[in-house]
Amino acid sequence: MTLALREMRRRPGRFAVATIILTLIAILLMFLGGLLDGLVASSTGAFRAQRADVLVYSGNSRNSLERSRIEPDVRHQVESVPGVTRVGGLGSVQLGGRVPGRGARDLVPTVLFGYELAPRGLPSTPPAAGMVYANDSLRAKNVEVGSTIRLGPARSAVTVVGFVSDTRYSGQGTLWGSLETWRQVLNANRPDARVRPGVVQALVVQGVSLGSAGLPERIDRATDGATKTLTITQAVNALPGVSQQRSVFNQIIGVTVVIAIVVVALFFALLTIERTALYGVLKAIGASSRTLFAGVVFQAVVVALIASLIGIVASLTLNALIPAGTIPFVATPARLLSSAAVLVVAAVVGCTFSLRRVLRVDPAAAIGGTP
Amino acid sequence: MTTLAESASTTGHALEMRAITKIYRVADDEVVALDHVDLTVASDEIVALVGPSGSGKTTLCSIAGGLLSPTNGSVAVAGQEISGYSGRQLTEFRRASVGFVFQTVNLIPFLTARENLLVVDEIGPRLGRVARDRADQLLEELGLTDRASNLPAQLSGGQKQRVAIGRALMNDPSLVLFDEPTSALDSSLGDQVVRLIRDEMKARGTAAIIVTHDDRITHYADRTVNIEDGRIAE
Ligand SMILES: Nc1ncnc2c1ncn2[C@@H]1O[C@H](COP(=O)(O)OP(=O)(O)OP(=O)(O)O)[C@@H](O)[C@H]1O
Ligand SMILES: [Mg+2]
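Conventions and cut-offs
- Residues numbered from 1 in each chain as written.
- Chains lettered and ligands numbered in written order.
- Predicted model: local features only at pLDDT ≥ 70, side-chain atom pairs only at ≥ 80, totals over all residues.
- Heavy atoms only, no water.
- Contact = heavy atoms within 4.5 Å.
- Buried area = accessible area lost by both parts, 1.4 Å probe.
- Salt bridge = Lys/Arg side-chain N within 4 Å of Asp/Glu carboxyl O.
- Helix = DSSP H or I, 4+ residues; strand = E, 2+ residues; numbered from the N terminus.
- Nonpolar A, V, L, I, M, F, W, Y, C, P; charged D, E, K, R; others polar.
- Phe/Tyr/Trp six-rings, centres within 6.5 Å; stacked < 30°, edge-to-face > 60°.
- Buried < 20%, exposed > 50% of the residue type's maximum accessible area, 1.4 Å probe, protein only.
- Domains from an automatic or database assignment.
- Polar contact = N/O pair within 3.5 Å; in protein donor to acceptor, adjacent residues only side chain to side chain.
- Axes fitted to C-alpha atoms, helices over the stretch in contact; angles between N-to-C directions.
- Parallel < 35°, antiparallel > 145°, perpendicular 65-115°, else oblique.
- Left-handed = near helix turned anticlockwise from the far one by under 90°.
- 1 Å grid on protein atoms, 1.4 Å probe; cavity = no way out; pocket = protein on both sides within 12 Å on 5 of 7 lines; lining within 4 Å.
- Points joined across faces, edges and corners; volume = space filled by probe spheres on them.
- Pairing = 2+ DSSP bridges.

On the chain A side, the residues contacting the 27 residues of chain B number 22 residues. Summing the contributions of chain B and of chain A, the shared interface buries around 2400 Å²; its carbon and sulfur component is 66%. Viewed at the interface, chain A and chain B are joined by three salt bridges. One salt bridge in this structure joins R6(A) and E115(B), with 3.2 Å as the shortest N-O distance. At the level of secondary structure, the elements contributing two or more residues to the side of chain B that touches chain A comprise helix 2 (57–64), helix 3 (87–97) and helix 4 (113–122) of chain B. No other element matches helix 4 of chain B, which puts four residues into the side of chain B that touches chain A. Split by residue class, the side of chain B that touches chain A holds 13 nonpolar, seven polar and seven charged.

This is the structure:
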């Protein structure tokens, strides 16, 4: 190990190329991951903010909030399921918003939510009719406390009374008001989708699991299939685009990791070939293949750690430089550290391609006329 | 180490080779490099091994030092029978019991003279302080104290070979094998290095085999062994 470390300190140039390439790969990995996290966060915030165990859609909704409608009688059935402690209605409508200070044609895409059970960051009693809390990404669109936003073709006015964070939906800024506000705005702007009083799109349910059957099964059984109940995680994954985004990005990340493995494998294979004579001498004086290979792995891990560290700094810098609401990029510690871990594992895997070469070095070749 | 020393003292031999044959197989061809060689080196004896190119000198040293396994015959170093050893056992044996000085200078280029000696400790026993003291003492004996922190590239040929001698002595070996240690040096430097080898060996009572083409070196040895076509003719 001392030998491997000394070589890196005395001959940093040898490792520069590998470090630079791995640093670029680390930045790419972290940037892709951050973009994925940002995209997913911006389409799922409204659900993740729910302080609930399950989300109840109507049975024919195909797991879509927009298509789902829950009638008051179904709600009563859900409320009387044993284990259910609290039930709140949820409604949403996507509309273009006219924000004061922006051009008349410059509509800001927004989603207005009506709620009963307060999501994280919102007051437990929804604001009065016509009043809303806005997601803080809307600040970048000139929205301020006191702004009156006119929503949709009917230009329904809602007034912002405060801000809430990380509650975006479908990549759009959200507005949070009472169910009454939601129904008013929906009925005024979407004649085809009008709802009667008492009707909501989904139910947000807090409860406990009793016995062997989980809460979702018991709710759906009690309503005889009139509902489709999902955990919050399931509901998040069922949001349009989320699983597609994840799989596309994870495929690109996977390819990037394979490239990292190939880079390390090639680089350390070359280095090992270069060191054949050196390894011969070391084996002749009694170094085991294990000691020598441990040195190779150590160097690869150090290179990967340096690359990761630069990648982390670059990601955090990028995160700080990107103006809010432009690129959906977030640098979370979990993502940065897992990317670093993946890179270190890739480096170790890449090294193993040199193992056979290290084992094969013949110490007898070290002695004698030809080195 | 103590067991080795004890068994060495019971047999009194640093090296005992009996009926050693080494056959290299290259494609369908067979090269008999050593042909029934018997060689015994006493525990504090310096043997000069002389012979023409291709006669089997390097092969003999490699087998004596556990770098190669013989095709036939038995080898004991300091009473330790190594002929049946596995690769792993041979590695451990080389680390603990023999020293090598190679024909070409084989120092580690990115380590200083002192670090080149300490490598022996890093790959093996990890004695730390004891090893550092030993390295400093060897460097002093070899007249390298003020060169201790120079890289090999900053040393002369003779200095490099002295560092290699120091490295070979770091593990306090029972037998040191020198394969043409002076061939890269001019004659007066070569003479100086061989004298140094002799002094170091005699001061420690360590056995050595010195391979050479150079007749002038042989008078520093206790005994000269001639080898020709893989056979010993004393
Ligand atoms: N790895 C090998 N494979 C095949 N033949 C070999 C190998 N090593 C040595 N030989 C052959 O064995 C014989 C003895 O070689 P060795 O290297 O022991 O000679 P040497 O006395 O050290 O010669 P020199 O003075 O040139 O160093 C030679 O004929 C050589 O060609
Ligand atoms: Mg030779």
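Read on for the rest.
Before going further, it helps to spend a moment on the packing of aromatic side chains. All names here are of chain A. Under the criterion given, the structure shown has eight aromatic pairs over all chains. Both rings, one in F47 and one in Y169, keep their centres 5.7 Å apart while their planes meet at 40°; by these two values the pair is tilted. In this pair, F47 sits in helix 2 (residues 12–48) while Y169 sits in the loop between strand 6 (156–164) and strand 7 (173–178), placing the two residues 122 residues apart along the sequence. Given the relative accessible area of 0%, F47 is considered buried. According to the relative accessible area criterion, Y169 is buried, its value standing at 1%. An angle of 90° between the planes, with centres 5.3 Å apart, marks the rings of F113 and Y169 as edge-to-face. Of this pair, F113 sits in strand 3 (residues 108–115) while Y169 is found in the loop between strand 6 and strand 7, placing the two residues 56 residues apart along the sequence. This pair shows no difference in class: F113 is buried, exactly as Y169 is.

With that out of the way, let us pick up the domain arrangement of chain A. Residue and element names in this part refer to chain A. Domains assigned within chain A are domain 1 (2–44 + 242–367) and domain 2 (60–225). A C-alpha centroid distance of 45 Å is found between domain 1 and domain 2. In this complex, domain 1 contributes five residues to the contact, which on the side of domain 2 involves seven residues. Buried area between domain 1 and domain 2, both sides added, is near 450 Å², and the carbon and sulfur share of it is 46%. Seen at the junction of domain 1 and domain 2, the total is zero salt bridges. Counting every contact that joins domain 1 to domain 2 gives three residue pairs in polar contact (both at pLDDT 80 or more). When grouped by side-chain class, the residues that make up the side of domain 1 that touches domain 2 number two nonpolar, three polar and no charged.

Residue and element names in this part refer to chain B. For the pair helix 4 and helix 5 (residues 129–141), the least separation of the axes is 9 Å and the interaxial angle reads 140°. Put simply, helix 4 runs oblique to helix 5. Between helix 4 and helix 5 lies a crossing of right-handed hand. Taking contact as the criterion, the partners of R114, L117, L118 and D121 in helix 4 are, on helix 5, A131, R132, A135, D136, L138 and L139. Among the residues forming the contact of helix 4 with helix 5, the class breakdown is six nonpolar, no polar and four charged.

Applying the stated rule across the entire model yields two cavities of 30 Å³ or more. Taken as a whole, the largest cavity holds about 60 Å³ of empty space. Residue lining of the largest cavity: A284(A), I285(A), R94(B), R95(B), V98(B), G99(B), F100(B), V120(B), R167(B), A168(B) and N171(B), and that is the complete set. Sorting the residues of the lining of the largest cavity by element identifies helix 3, strand 6 (98–101) and helix 6 (157–169) of chain B as the ones contributing at least two each. The biggest single contributor to the lining of the largest cavity is strand 6 of chain B, with three residues. Residues that form the lining of the largest cavity fall into these classes: six nonpolar, two polar and three charged. Taken as a whole, the second largest cavity encloses approximately 40 Å³ of empty space.

Turning our attention to the environment of T181(A). Residues and elements named next belong to chain A. Within the fold, T181 resides in helix 4 (residues 179–189). Considered as a pair, T181 and A238 are 57 residues apart in the sequence and their alpha carbons are 26 Å apart. With residues near it in sequence (within four places) discarded, T181 still touches L112, A128, A129, G130 and V158. Of the polar contacts made by the side chain of T181, one reaches the backbone nitrogen of G130; its length is 3.2 Å.

This part is about the sheet that holds strand 7 (residues 175–179) of chain B. Residue and element names in this part refer to chain B. Across the sheet, which stays open at both edges, the six strands sit in the order 6-7-8-3-9-10 with mixed pairing between neighbours. The sheet is open, and its two edges are formed by strand 6 and strand 10 (231–232), each paired on a single side. Two elements, strand 6 and strand 7, share four bridges in a ladder whose sense is parallel. Residue pairing in the sheet places F100 in a bridge with L177 of strand 7. Where helix 6 meets the sheet, its contacts fall on strand 6 and strand 7, and the angle it forms with strand 6 comes to roughly 165°.

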